[in-house]
Amino acid sequence: RISKDSITAFPTVDIVVVGAGLSGAVIAERYARLLNKKVLVLERRPHIAGNCYDYVDTHTGVLVNLYGAHLFHTNYEDVWNYLQQFSGWVQYHHRVKGVVDDKVVPIPVNIDTVNSLLGEKIKTQKEMQQWLAKNQVKPKGLGAQPKNGEEAALARVGRVLYQ
């Protein structure tokens, strides 16, 4: 709660950030560090980190994600390095697999899927694009779009993989 005393404790601030979730915390930190400004962060929850908040249960020692699992993905090393300054992150690799004819294969379809199921020897993205172009069943007509799930699958991966 904001009280009269808390407001007078910050008689001059340059910016007020509402919310100490990931975005609010980053904006506040950047504004303070890079621009040397006074920042007041207001948060209604009893913790920072927004929906990314987690804690270690004192009875079990288990890391609990209070608002459900949260995954962070970036291809930018500078973003990753920036976040590492503030907290440790548990590395996670999301892999989806399917079982087709007793073979475990990656989903969605990629080079490994085609090579495993069909005995191909595709090595590059260009070769994969060529294979798809030969096998995809596109809807007929100028600008035609798939009318249902089956047509969408055929347009994406072709009949041999769809079946």
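Residues numbered from 1 in each chain as written. Predicted model: local features only at pLDDT ≥ 70, side-chain atom pairs only at ≥ 80, totals over all residues. Heavy atoms only, no water.

Let us now look at the side chain of T113. Looking at where T113 falls in the secondary structure, it is placed in helix α4 (residues 111-118). Ignoring anything within four residues of it in the chain, the contact list for T113 reads V105, P106 and P108. (Helix = DSSP H or I, 4+ residues; strand = E, 2+ residues; numbered from the N terminus. Contact = heavy atoms within 4.5 Å.)

Along the chain, V109 turns up in the loop between β6 (103-106) and α4. Sequence spacing of V109 and V137 is 28 residues, and the spatial spacing of their C-alpha atoms is 15 Å.

Let us now look at the confidence of the model for the protein. Averaged over all residues, the pLDDT of the protein is 90; the fraction at 70 or higher stands at 93%. When mean pLDDT is taken per element in the protein, helix α2 (residues 22-35) scores highest with 96 and helix α1 (residues 4-8) scores lowest with 66. (pLDDT = per-residue confidence, 0-100.)

Okay, the nonpolar core next. Nonpolar side chains in soluble globular proteins generally cluster together in the buried interior. Counting residues in each nonpolar core, the largest one holds eight residues, listed as I111, V114, I122, M128, W131, L132, V157 and L161. Those elements that provide at least two residues to this core are α4 and α5 (125-135). Take this core: its biggest share by element is three residues, from α5. In this structure L132 touches R156 and V157, once residues within four positions along its chain are discounted. (Core = buried A, V, L, I, M, F, W, Y, C linked by side-chain atoms within 4.5 Å. Buried < 20%, exposed > 50% of the residue type's maximum accessible area, 1.4 Å probe, protein only.)

So, on to the packing of α4 against α5. The description of two packed helices rests on the angle between their axes and on the distance between the axes. One way to put it is that α4 packs onto α5 with a least axis distance of 10 Å and a crossing angle of 60°. Taken together, the axes of α4 and α5 lie oblique to each other. With respect to the hand of their crossing, α4 and α5 are arranged in left-handed fashion. Judged by residue contacts, I111, V114 and L118 of α4 engage Q125, M128 and W131 from α5. When grouped by side-chain class, the residues that make up the contact of α4 with α5 number five nonpolar, one polar and no charged. (Axes fitted to C-alpha atoms, helices over the stretch in contact; angles between N-to-C directions. Parallel < 35°, antiparallel > 145°, perpendicular 65-115°, else oblique. Left-handed = near helix turned anticlockwise from the far one by under 90°. Nonpolar A, V, L, I, M, F, W, Y, C, P; charged D, E, K, R; others polar.)

As a further point, take α5. Within the sequence span of α5, burial applies to M128, W131 and L132. Projection of α5 onto a plane perpendicular to its axis shows the buried side chains occupying an angular sector of 100°, all on one side. With respect to the buried face of α5, the exposed residues turned more than 90 degrees away are K126, A133 and K134. The inward-facing, buried residues of α5 abut α4, α6 (149-157) and α7 (159-162). (Arc of directions from axis to C-beta.)

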